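Given next are the chains, with one letter for each unit.
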Amino acid sequence: MIQPRALAVATLALLPLAAPAATPTAVAQDEFEQLLRQELAAVESASPDELWSRAAAVRGLAREFDGARVDSTVASLLAQETGGRAVLLLSGLSLQGEDPDLEDLSGRLVALLDSDDRAVARGAAGMLASPGFARLPSDAREDAREALRTVVEDGERDPALRLEAAGALHVHGDGNEKRLAARQMRAFLGSADPELRALGALALARSGAEITGDLMDELERLAALPGPQGVLADSYLRRERDRELYDRKLKNQRRYYEANPADVRVDQRSDSPESQFRTILEMVKSYHLDGDKVEEDRLLDAAMDGMLRYLDEHSAYFAPVEFERFEQDLEGEYGGIGAYVSVDRADSLFTITRPIYSGPAYEAGLRTDDKIVRIEEWSTIGQPLEDIIKRLKGKPGTKVKLYVWRQGMDLRKIDRPTEDMAVTVARARITIPPLNYETLPGDVAVVDLREFSRTATRELRKTLEELLASGTKGVILDLRNNPGGLLEEATSVAGLFLPKNSLVVTTRSKIGPDDKHFTEDEPVVPMDMPVVVMINRFSASASEIVSGALQDHERAVVVGERSFGKGSVQNLRPIPGVRDDQWRDENGNRRYDSWETLTYDADKDGQFDFAPRIKLTVAKYLLPSGRSIHREFDRDLNMINPGGVQPDVEVGARDIDTWRLEEINRINRQRKAREYVDANWDEHRELFVELAVNDDRDPARYPGFEEFYQGLSTPLPVDDVRFVLRQEIRRRVQDERGRQFGNADYVEDPQVQEAVTALLAKLGTTPDSVPEYATTFKPRASVGVNVAYGERREVEETLEAVSKAREGDGKLDPETLDRLKHLLEGSLE
């Protein structure tokens, strides 16, 4: 199971000199998705009772990962999953996100109430009790309540499920339904079955029922027993005792003030907001059950954050630690060995999931799936992930000796590594690559810009200049899943494509004149070169500014899905009179590094601390045409303006049936594809490099494919198995070439195919004129039943004949009819 912070730290083997340098928000979305898929693989062996807490632990990392990226990954996986436990985990994660689709989540959980797996059904009922569903639209809420009522009243259903459903109905139901739920809980409390009686007591206590009589007796009986039920019963009894103590304390306080009115503080009678705030703070500290356990500074931080977030979802208060993380995200740099890491679930070893190819780890020879079993003289076996990372930390320029075990080595060397396994890595400050790029057939360049950090324009300019020098004929800028970043970087990035002095965006506030942002330099990409921009529903803020500006100036064709719709401007402001700690900047980078000397330490703790900041929404963005991209809701959460950038060519992401995705994940967990690649790599290295780029969607190009396919005993169509092998080959090839494949996979990705088609149209040609596209852009139907490898050609020829008939007179020739009948009969068998 992933530990509370393990998933965050697991993403990077960073050696930052300031702790937040290991911020996982900078991690590419595919790496987070890989880790989340590992967690999903593990939930099949987990009790559904654990899933909500596991979801909460993962969601707790949203402060360290980029929230938009977390939400997009969770939503994408949830749309593909049908496994009960996986849906429960992903639903729990989604519920705690910024803008969950409550209607979709409710529908999925209601469907699980009928699961054959009783534990999954109970988990779904328990999750429906979440307060978040209080915001469900009325129709969806009524559907959920009706489903819960049906379960509660069905005496044939699992008793534990009925109790969970009663708990959810008690939370969301009307008066009659709450009474129904309470009656059912009371009925179970009176059961002769000890287990049902225990479940009924715990359900009643959870609903907030007064703990007296039979309920008190049963909870006291349970509290005396070991195990989770005993712990839970004891906590309810403690809560009841605390409530009674609070009531007595409050009554005594009232009696005292009634007897001694002169002792009531003057400021408690004051009408000033400041005095009322102080009075409330004192009441919290005096009367709240945990009032004496929480530091006053934390309460003040929460109050200020609550005040700002009441205004809108983007305004916020940053306590010093939170601002430290935020600042690191924007820097786009960290100190470390440069590798994404995790603990491999298959062997529990500290593993490199992918080196950063510009970093020292890769330069030293570390590759994907390498296991670091010792650091210097300290074994990593069985050590907490965070402790391993701390051992790697150090000043850039210093060296660290790692012992690396690889597949095929003697297993005894894991515990007793030898010197031939040693690799010395020089620590360095790493710039997190803000982009990836590929040159596709037809001299089409695709640049995947992941975020608008402070290094974005610099890196993009350099990349575009290299691409142009190599003969690029057109550029596709991929802004899918890009959550945004700095406004000045958005303006500068747009300036790489637009003429000098072009308006990019206007910010309009309630005070002062409009602030117009213009490009300052001549474009890098020639104005006669076609440009396409790809966006999706997770493209936000700066991504929308750039795509919208290029669209308004008719400089680019926009392809994909309507973007997120974040068009408000936030300013980050210090609080007057409070300053950051000061330090001697020994390397002149204007950032504090942990080896540098503090010259001013406000709290005398020997650690550098930022002062707090506030983030205020002060204006809204307007695109050059004057349109707003901001998605707006009224106080009742009714959408007023969908916002976002509407693409010129709308196309969704690659879709795949849930059962097929689950089967693909199963094969990947068994490492069958990796074993295939390892066994064939030396003999077919050059071929694999070709297949990683383009395999023409032809499984016959893979050595021994038929034998591999038959050995899997899988219901997957042949093309899905080809896809699995190709993805593993691409992972291996990117390690060999030292550069990650971007998202521009024209073989598999329909959005990339549409973008390429749009760009070629600007060049006066079509995909059919490029051989690589002619064999991969052709739409292929997904056969829902498995066919033998030798029958694949017959299937494709039949589908092609049907397609031609539809385009013509709609009539099929006798031979095609016979083939189609044969295939259908085989499917029905």
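Just above, that's the structure.
Because the structure is predicted, anything quoted here is derived from the model rather than measured. (Residues numbered from 1 in each chain as written. Predicted model: local features only at pLDDT ≥ 70, side-chain atom pairs only at ≥ 80, totals over all residues. Heavy atoms only, no water.)

Quick look at the environment of Gly565
- Residue position: Gly565 is located in the loop between strand S16 (557-560) and strand S17 (568-574).
- Take Gly565: its relative accessible area is 3%, and that puts it in the buried class.
- Separated by 27 residues in sequence, Gly565 and Phe538 have C-alpha atoms that sit 9.0 Å apart.
- In contact with Gly565, other than residues within four places in its own chain, are Glu544, Ile629, His630, Arg631, Gly643 and Gly644. (Helix = DSSP H or I, 4+ residues; strand = E, 2+ residues; numbered from the N terminus. Buried < 20%, exposed > 50% of the residue type's maximum accessible area, 1.4 Å probe, protein only. Contact = heavy atoms within 4.5 Å.)

Things to note about a negative patch on the surface
- On the surface, Asp101, Glu103, Asp139, Asp143 and Glu146 cluster together to form a negatively charged patch.
- Considering each element in turn, the negative patch owes the most residues, three residues, to helix H8 (residues 138-153).
- Tracing the sequence through the fold places Asp143 in helix H8. (Patch = residues over 30% accessible without salt bridge, like charges linked within 9 Å, V, L, I, M, F, W, Y side chains within 5 Å. Areas by Shrake-Rupley, 256 points an atom, 1.4 Å probe, with all protein chains shown as cover. Salt bridge = Lys/Arg side-chain N within 4 Å of Asp/Glu carboxyl O. Lys, Arg positive; Asp, Glu negative; His and termini not counted. Charge placed at Lys NZ, Arg CZ, Asp CG, Glu CD.)

Here we look at the nonpolar core
- Leu109, Leu113, Leu128, Phe133, Leu215 and Leu219 are the most contacted members of the largest nonpolar core, which has 58 residues in total.
- Not counting residues up to four positions away in its chain, the partners in contact with Phe133 are Leu95, Leu102, Leu105, Ser106, Leu109, Met127, Leu128 and His172.
- Counting 40 residues, the second-largest nonpolar core is a separate cluster that includes Leu479, Met529, Ile535 and Val569. (Core = buried A, V, L, I, M, F, W, Y, C linked by side-chain atoms within 4.5 Å.)

Digging into the pairing of strand S13 (residues 503-509)
- Where burial is concerned, most of S13 is hidden: five out of the seven residues are buried.
- Bridge count between S13 and strand S14 (residues 515-518): four bridges; the pairing is antiparallel. Its bridge partner lying in S14, Thr506 is registered against Lys516.
- Count of turn residues in the S13/S14 antiparallel hairpin: five residues, of which Gly512 carries a positive phi of about 80°. (Pairing = 2+ DSSP bridges.)

Some details on unusual backbone geometry
- Unusually for a residue other than glycine, Asp369 sits at a positive phi of about 75°.
- Assignment of secondary structure puts Asp369 in the loop between helix H17 (360-363) and strand S5 (371-375).
- A positive phi angle, close to 55°, is found at Glu376, a residue other than glycine.
- Within the element layout of this structure, Glu376 appears in the loop between S5 and strand S6 (378-379).
- Since its relative accessible area comes to 36%, Glu376 is described here as partly exposed.

Brief notes about the pattern of salt bridges
- A complete count under the given rule lists 50 salt bridges for this structure.
- For the salt bridge of Glu690 with Arg701, the shortest nitrogen-to-oxygen distance reads 3.4 Å. Here Glu690 is found in helix H23 (residues 672-693), whereas its partner Arg701 is found in the loop between H23 and helix H24 (705-712), with 11 residues between them in sequence.
- Arg701 sits in the partly exposed class, given a relative accessible area of 24%.

Some remarks on the packing of aromatic side chains
- Inspection of every chain in the model, using the stated rule, returns 10 aromatic pairs.
- Arranged with centres 5.0 Å apart and planes meeting at 90°, the rings of Tyr357 and Tyr362 form a pair that is edge-to-face.
- For Tyr362, a relative accessible area of 13% corresponds to the buried category.
- Between Phe608 and Phe610, the ring centres sit 5.0 Å apart and the planes meet at 85°, which makes this aromatic pair edge-to-face. Judged on exposure class, the residue Phe608 and its partner Phe610 are both buried. (Phe/Tyr/Trp six-rings, centres within 6.5 Å; stacked < 30°, edge-to-face > 60°.)

Topic: the packing of H23 against helix H25 (residues 718-737)
- Running from amino to carboxyl end, H23 crosses H25 at an angle of 75°, the nearest separation of the two axes being 9 Å. Taken together, H23 and H25 sit at an angle that is classed as roughly perpendicular. Residues Ala673, Arg674, Tyr676, Val677, Asp678, Trp681, Arg685, Phe688, Val689, Leu691, Ala692 and Val693 of H23 pack against Val724, Leu725, Arg726, Glu728, Ile729, Arg730, Arg732, Val733 and Glu736 of H25.
- When grouped by side-chain class, the residues that make up the contact of H23 with H25 number 13 nonpolar, no polar and eight charged. (Axes fitted to C-alpha atoms, helices over the stretch in contact; angles between N-to-C directions. Parallel < 35°, antiparallel > 145°, perpendicular 65-115°, else oblique. Nonpolar A, V, L, I, M, F, W, Y, C, P; charged D, E, K, R; others polar.)

In short, the description is geometric, and any link to function would need to be established separately.
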